[in-house]
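Architecture and fold: a report
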Amino acid sequence: MAECVRVEGSSHSMDKSITLPPDEIFRNLENAKRFAIDIGGSLTKLAYYSTVQHKVAKVRSFDHTAKEVPSDKLYEISVQEEITARLHFIKFENAYIETCLDFIKDHLVNTETKVIKATGGGAHKFKDLIEKKLGLKVDKEDEMTCLIKGCNFVLKNIPHEAFVYAKHADSEFRFQNTHPDIFPYLLVNIGSGVSIVKVESEDKFERIGGSSIGGGTFWGLGALLTKTKRFDELLQLASKGQHTSVDMLVKDIYGGSYGSLGLTGDLIASSFGKSATADKDFSKEDMAKSLLHMISNDIGQLACLYAKLHNLSRVYFGGFFIRGHPVTMHTITYSINFFTKGEVQALFLRHEGYLGAIGAFLKGAEEDNPNQYSWGENYAGSSGLMSVSPDINPMQRARSGTFPFDMLEMDRLERQLVNLPLLQDASSYIPDTVDLTEDALAREYWLSCFEEALDGVVKRAVASQPDIPEAAERAEKFRQKYRHKLQTLRHQPFAYGSLTVRSLLDTREHCLNEFNFPDPYSKIKQRENDVALKYYQKAVKSLEELSWEERQFALVRGVLAGNVFDWGAKAVSDVLESDPEFGFEEAKRQLQERPWLVDAYDQWIERLKGPPHKCALFFVDNSGMDIILGVMPFVRELLCRGTEVVLASNSGPALNDVTNGELQILTERIAAMDPVIQSGLKEDRLTLVQSGSSSPCLDLSRLDKVLAMVVRERQTDLVIIEGMGRAIHTNYYAMLTCESLKMAVIKNSWLADRLGGKLFSVVFKYEDPTRKPSKDTVALTPS
Amino acid sequence: MAYNGHQREDEASDDGETPTKQLRSVKEMPGYLRNDTENEAATPGGSATSDRPTSNSTARHRMDSGKKSRPPFPWFGMDIGGTLVKLVYFEPKDITAEEEQEEVENLKSIRRYLTSNIAYGKTGIRDVHLELQDLTMCGRTGNLHFIRFPTHDLPAFLQMGRNKHFSSLHTTLCATGGGAYKFESDFRTMADLQLHKLDELDCLIRGVLYIDSVVSSGPSECYYFENPTDPERCVQRPYTLENPYPLLLVNIGSGVSILAVYSENNYKRVTGTSLGGGTFLGLCCLLTGCSTFEEALEMASQGESTRVDKLVRDIYGGDYERFGLPGWAVASSFGNMMFKEKRESVSKEDLARATLVTITNNIGSITRMCALNEKIERVVFVGNFLRVNTLSMKLLAYAMDYWSKGQLKALFLRHEGYFGAVGALLELLNPS
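Bear in mind that the values here come from a model prediction, so they are computed numbers and not experimental data. (Residues numbered from 1 in each chain as written. Chains lettered and ligands numbered in written order. Predicted model: local features only at pLDDT ≥ 70, side-chain atom pairs only at ≥ 80, totals over all residues. Heavy atoms only, no water.)

Moving on: the domain arrangement of chain B. Segmentation of chain B into domains returns domain 1 (75-213 + 420-429), domain 2 (222-303 + 348-413) and domain 3 (309-345). Between the C-alpha centres of domain 1 of chain B and domain 3 of chain B there is a distance of 48 Å. (Domains from an automatic or database assignment.)

A few words on the pairing of strand S14 (residues 345-349) of chain A. All names here are of chain A. Counting buried positions over the five residues of S14 gives four, a clear majority of the element. Bridge analysis of strand S6 (residues 162-165) against S14 gives two bridges, and the strand direction is antiparallel. Across the sheet, residue Ala162 finds its bridge partner in S14, namely Leu349. Strand direction decides the pairing type here: strand S13 (residues 314-318) and S14, joined by four bridges, are parallel. Across the sheet, residue Arg314 finds its bridge partner in S14, namely Gln345. In terms of handedness, the path from S13 via helix H9 (residues 326-340) over to S14 forms a crossover that is right-handed. (Buried < 20%, exposed > 50% of the residue type's maximum accessible area, 1.4 Å probe, protein only. Helix = DSSP H or I, 4+ residues; strand = E, 2+ residues; numbered from the N terminus. Pairing = 2+ DSSP bridges. Right-handed = clockwise from strand over helix to strand, strands pointing away.)

Residue and element names in this part refer to chain B. Taken together, seven strands build an open sheet; the order of strands is S10-S9-S17-S16-S11-S12-S13 and the sheet is mixed. Because the sheet does not close on itself, it has two edges, and the strands there are strand S10 (235-238) and strand S13 (266-273). Strand-to-strand twist in this sheet, taken as the mean axis angle between neighbours without regard to direction, amounts to 30°. In this structure, strand S9 (residues 222-226) lies alongside S10, joined through four bridges in antiparallel fashion. (Axes fitted to C-alpha atoms, helices over the stretch in contact; angles between N-to-C directions.)

Here we take up the interface of chain A and chain B. Across the boundary between the two partners, chain A contributes 56 residues, which contact 57 residues of chain B. Buried area between chain A and chain B, both sides added, is near 4,600 Å², and the carbon and sulfur share of it is 65%. Between chain A and chain B we count one salt bridge in total. Where A:Lys308 meets B:Glu374, a salt bridge forms, and the shortest distance between an N and an O atom there is 3.8 Å. Taken together, the links from chain A to chain B amount to 19 residue pairs in polar contact (both at pLDDT 80 or more). Of all the secondary structure elements, the ones that give two or more residues to the side of chain A that touches chain B are helix H3 (143-157), strand S10 (205-211), helix H4 (215-226), helix H6 (250-254), strand S12 (268-270), helix H7 (274-277) and helix H8 (284-309) of chain A. Here the element with the most residues in the side of chain A that touches chain B is H8(A); it accounts for nine residues. For the side of chain A that touches chain B, a count of residues per class yields 30 nonpolar, 16 polar and 10 charged. (Contact = heavy atoms within 4.5 Å. Buried area = accessible area lost by both parts, 1.4 Å probe. Salt bridge = Lys/Arg side-chain N within 4 Å of Asp/Glu carboxyl O. Polar contact = N/O pair within 3.5 Å; in protein donor to acceptor, adjacent residues only side chain to side chain. Nonpolar A, V, L, I, M, F, W, Y, C, P; charged D, E, K, R; others polar.)

Bringing the side chain of B:Asn251 into the picture now. Along the chain, the position of B:Asn251 falls in strand S11 (residues 247-252). Excluding residues within four positions of it along the chain, B:Asn251 makes contact with B:Leu204, B:Val256, B:Ser257, B:Val382 and B:Gly383.

Time to look at the nonpolar core. By size, the foremost hydrophobic cluster in this structure holds 102 residues, and its most contacted members are A:Phe218, A:Phe317, B:Phe381 and B:Phe412. For this core, the leading source of residues is H8(A), giving 13 residues. No fewer than three residues from each of domain 2 (222-303 + 348-413) and domain 3 (309-345) of chain B sit in this core. Leaving out residues up to four positions away in the same chain, A:Phe317 has contacts with A:Val188, A:Ile190, A:Ile299, A:Ala303, A:Ile322, A:Ile332, A:Ile336, A:Ala346, A:Leu347, A:Phe348 and A:Glu352. Counting residues in each nonpolar core, the second largest holds 75 residues, with B:Leu132, B:Cys203, B:Leu209 and B:Tyr224 among its members. (Core = buried A, V, L, I, M, F, W, Y, C linked by side-chain atoms within 4.5 Å.)

Below, the discussion takes up the sheet that holds S13(A). All names here are of chain A. Spatial strand order, S7-S6-S14-S13-S8-S9-S10: seven strands in an open sheet with mixed pairing. Every other strand in the sheet has two partners, leaving strand S7 (173-175) and S10 as the edge strands with one partner each. The mean inter-strand angle of the sheet, taken between neighbouring strand axes irrespective of direction, is 35°. Note that strand S8 (residues 185-190) and strand S9 (residues 194-199) share six bridges and pair antiparallel. Within the sheet, the bridge partner assigned to Val188 lies in S9 and is Ile196. Docked against the sheet, H9 engages S6, S7, S8, S13 and S14, running at close to 155° with respect to S14.

Attention now moves to helix H10 (residues 293-302) of chain B. What H10(B) keeps buried is the set B:Phe293, B:Glu294, B:Ala296, B:Leu297, B:Met299 and B:Ala300. At its buried positions, H10(B) is contacted by strand S6 (140-150), helix H9 (277-288), helix H13 (348-374) and helix H14 (390-403) of chain B.

This next bit is on unusual backbone geometry. Cis geometry is found at the peptide bond from B:Phe73 to B:Pro74, where omega equals 5°. Following the sequence through the fold, B:Pro74 ends up in the loop between helix H2 (57-62) and strand S1 (75-80). Between B:Tyr245 and B:Pro246 the backbone carries a cis peptide bond, its omega angle lying at -10°. Note on placement: B:Pro246 falls in the loop between S10 and S11. Residues other than glycine seldom take positive phi values, yet A:Gln715 does so here, at roughly 50°. Tracing the chain through its elements places A:Gln715 in the loop between helix H24 (705-713) and strand S23 (718-722).

Before going further, it helps to spend a moment on helix H22 (residues 660-673) of chain A. Counting along an α-helix, one turn takes 3.6 residues, and residues three or four places apart therefore face a common direction. Compared with an ideal rise of 1.5 Å per residue, which puts 14 residues at 20 Å, H22(A) spans 20 Å between its outermost C-alpha atoms and is within 8% of the ideal. Those residues of H22(A) that sit buried are A:Asn660, A:Glu662, A:Leu663, A:Ile665, A:Leu666, A:Thr667, A:Arg669, A:Ile670 and A:Ala671. (Expected span 1.5 Å × (residues − 1).)

Shown next as structure tokens:
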């Protein structure tokens with residue numbers, strides 16, 4: 001049954017003393033349109049669509065035929081305004097609804113908006129208020145339809161949306177991979193009653209059953225038994241109680257277990273069975289606990305029976321009974337494990353509370369075709385898991401003198417993202433090598449590492465905008481925001497899904513963008529590219545003078561040496577800051593001598609003696625030495641061997657990684673000097689594509705659709721991934737259907753230590769799925 | 001409270017003469033029998049013998065001398081559940097003068113005590129209306145008596161057994177139910193009795209099949225409700241449980257067990273739920289201050305659950321057509337009790353009724369899902385939760401019929417809670 005509960009005793013009157021900080025809540029209202037609202041029993045969820053103006057760094061080739069600009073620069077960097085679409089979802093208590101409506105009315109500029117989509121049990125109650133305050137027509141949408149639409153949307157667009165809850169495990173939350181096909185699934189919505197919905201496709205779903213024993217039963221019966229009025233208080237009581245004094249257990253009847261049926265003595269034979277026979281008073285806590293078990297078990301059992309009947313293995317639980325409450329997530333999980341003997345896992349959703357609002361919004365935004373795009377969670381603007389619950393995050397409540405609220409922001413991505421077609425098993429692919437939610441030691445190190453690096457990042461951000469006086473102020477805001485994120489993650493590592501080095505890096509990029517530092521490295525990249533280009537011909541010439549065997553080794557060392565130049569890594573940025581002349585040759589000398597930490601070089605050479613590859617896909621890393629003196633000569637050799645090459649670079653800036661825009665210009669420049677590259681481009685044997693990402697890491701399950709198409713068309717049979725971010729922090733264990741080469745230099749002494757190596761240790765991992773796995777593999781996770 | 005069965009009109013007559021005649025006349029109505037009467041001789045379960053592999057080796061050893069040798073009297077079968085102890089006692093009526101002479105005084109006194117009373121102590125009750133007369137068991141003819149008392153009074157029962165020197169009779173006491181395990185040592189130490197423990201589900205099925213096969217006169221053992229979805233026309237009708245397999249057997253005691261039975265020897269426990277009779281009584285005691293099952297039922301019969309529950313129409317104003325939910329369906333059991341003013345306006349009777357409806361509907365719902373999963377269309381409900389509980393039986397009949405669109409049939413048995421005890425007795429007479 002749908003959620004339809006009102007919080008008892010809560011007044012819906014506004015508190016006039018509250019002033020809302022516009023840069024924190026209801027952001028970007030000026031451009032807001034397509035409002036939707038979901039009013040539940042105690043919480044209101046508001047959704048709207050807005051456009052955000054971003055500063056983006058663009059590179060443009062100088063017109064070299066023009067005589068008047070004799071510049072020594074390679075290309076021109078300009079900062080442009082770009083407009084991107086963003087979805088805003090805000091959750092707050094119903095008591096503040098009037099304050100919020102007033103605020104929206106005062107700040108809304110867009111007058112095209114005429115209607116507001118509404119759903120939820122409380123929608124009819126507030127209909128008049130909304131229409132009066134906002135002057136918008138309230139358009140009611142079916143609750144279940146909205147719920148399902150929202151659920152499909154988050155499952156498709158938010159990696160790590162679903163999780164398994166394990167109370168006693170090292171990490172309570174185990175986030176699930178986004179399965180390429182989210183259908184079919186079962187959604188068990190536990191509101192006052194229970195609805196069990198089978199979802200088969202975007203538009204096809206059916207309520208296959210339900211139960212009247214749900215959250216309302218817990219609340220209503222609990223209030224009668226314990227004289228405790230509030231739902232949250234009842235849950236608290238339950239978490240302190242002992243159900244065994246109220247329930248009749250198998251051992252109360254049998255004296256022990258019922259062995260022949262495999263029923264252990266601790267199982268509940270009869271809920272509340274002891275309160276019928278024993279003549280005594282029972283504590284509130286014990287009764288609440290017994291009631292919680294009774295209801296959770298019953299719902300779990302029915303869910304399992306429905307899942308079995310319809311042959312469904314993915315079962316998501318939601319509704320106010322679940323909504324972020326560890327107590328109920330635990331009892332439901334326990335019940336599902338018991339009744340399916342572990343065959344079905346109870347799944348929960350990070351943004352479960354927003355489903356109705358998202359769905360209602362999508363209903364109203366159909367003309368914008370939101371389902372045609374890929375969306376990404378903006379870590380800067382979203383508050384993460386469960387931050388609205390005052391018990392769990394008192395910090396949030398106390399913040400900034402306003403009322404507690406929770407936000408989710410999603411950016412529309414310019415490109416549609418899909419799986420790399422070469423993944424062995426897309427459904428089990430996990431990009432990240434180490435899950436920091438599970439690895440406490442690594443988490444501690446990386447959180448501190450990112451915190452220590454923050455000063456440098458702020459400094460560089462300011463330096464990247466020397467002509468803009470208020471840059472320092474923005475950079476300070478960035479520092480506060482990112483530091484706050486890091487603090488949140490210390491307390492709740494699971495706040496945005498699994499915590500990984502990638503998510504920490506991405507969060508930093510999102511925060512930088514938020515404060516209009518779109519590309520702090522643009523000038524540094526430009527300078528490095530410029531320096532490196534001057535050496536290109538010399539480097540190629542010296543390589544050509546080598547014998548075949550010597551050349552192959554020099555090429556690999558070149559890629560590795562180039563990879564030492566990485567502003568993302570602390571050790572390197574220290575050296576580079578102090579000594580900008582740190583050269584390519586110097587880098588080579590820093591490299592570990594063979595045998596490397598992971599050394600499959602002999603197998604690689606053996607392979608090169610065989611027939612050439614049809615097509616190589618190369619995920620490139622840094623600008624400057626790396627791309628120009630490391631990658632390009634390697635690419636050149638592949639082309640000479642008769643292998644086509646697809647160079648995949650980032651769509652948007654991240655650290656000093658070369659972007660697709662920059663790479664286009666660099667390749668043109670190199671082509672002008674090098675006939676091999678020139679003819680490669682001309683004959684379409686060398687192709688540049690964008691990855692669809694703006695991250696220093698690489699998620700092979702979210703790549704530009706065009707890239708996937710090119711990979712398929714060219715019959716790619718070799719994937720090369722270079723750099724720590726893409727080949728170590730992510731994808732180290734990625735299994736592909738074709739040969740792969742993962743090359744990186746460990747530029748972090750802690751990580752090197754952990755892997756049993758030293759700073760500048762080399763990882764050279766060559767894998768061929770048709771052969772046995774290389775014995776040189778080093779486990780990157782402590783066993 | 002009434003000590004007898006589900007038919008209130010029975011109360012006046014000891015042997016159920018009147019209803020028997022009524023039912024017989026119904027039985028002769030055309031269209032009642034679905035199966036050919038020719039098959040009656042082949043009624044399954046007629047013989048209680050089976051070669052099911054069970055672990056009752058002790059019983060077999062004791063009665064090695066073959067099937068013709070009968071165990072000595074007294075013949076008891078016992079089922080010690082979480083709430084109630086169920087005892088069946090076979091009273092031989094064909095005792096010869098010679099036998100009478102030889103019969104030891106202890107045995108005589110036990111027989112006299114049990115058969116001349118209908119209540120024992122404060123809480124023991126003989127369900128006279130269920131008594132099966134002129135029954136032939138193991139070559140002897142007599143009456144089968146059905147007795148029950150609360151499990152917490154077991155010590156008093158053991159004391160009585162000790163006082164009457166039960167152990168001197170050297171009988172085997174076949175017992176099933178969890179209490180057979182839990183209280184085994186009490187039987188030994190308090191009454192010097194050695195229990196022969198039996199699996200409760202084995203006994204249950206054996207008992208059901210036996211009773212159904214031997215009851216030929218009197219009220220039909222098995223019955224159902226005709227027109228379950230129409231309260232005006234809903235009437236109890238006899239049912240012949242011929243070719244009963246496969247059937248879903250739902251035993252509602254303190255908790256609930258659901259079994260899929262494919263033949264006498266082939267069954268499995270599909271699932272169970274802890275929301276059973278014990279939950280109904282337990283919650284009623286807490287919510288209303290009552291203390292007995294009969295009291296709780298009496299209150300429930302006078303209450304109105306719709307004041308306590310939140311119905312679909314309370315939310316949607318009528319039916320929720322998008323999902324085919326009728327307005328009268330319960331959306332949230334006890335859902336109205338979330339609100340203070342509604343908590344203050346309900347009576348104890350309303351709460352008792354809502355508890356009964358909640359528990360009953362939930363059992364119906366789980367049963368229906370099991371029936372679908374197991375592809376079984378016939379459901380037999382047994383267990384003492386249904387004793388004098390026509391309200392729940394009609395609700396179950398309604399729920400099965402309505403939500404399955406007439407596909408599922410709910411069946412009930414008169415000896416609702418005694419089958420485990422009967423199965424235990426059969427084990428004594430015909431060890432498997």
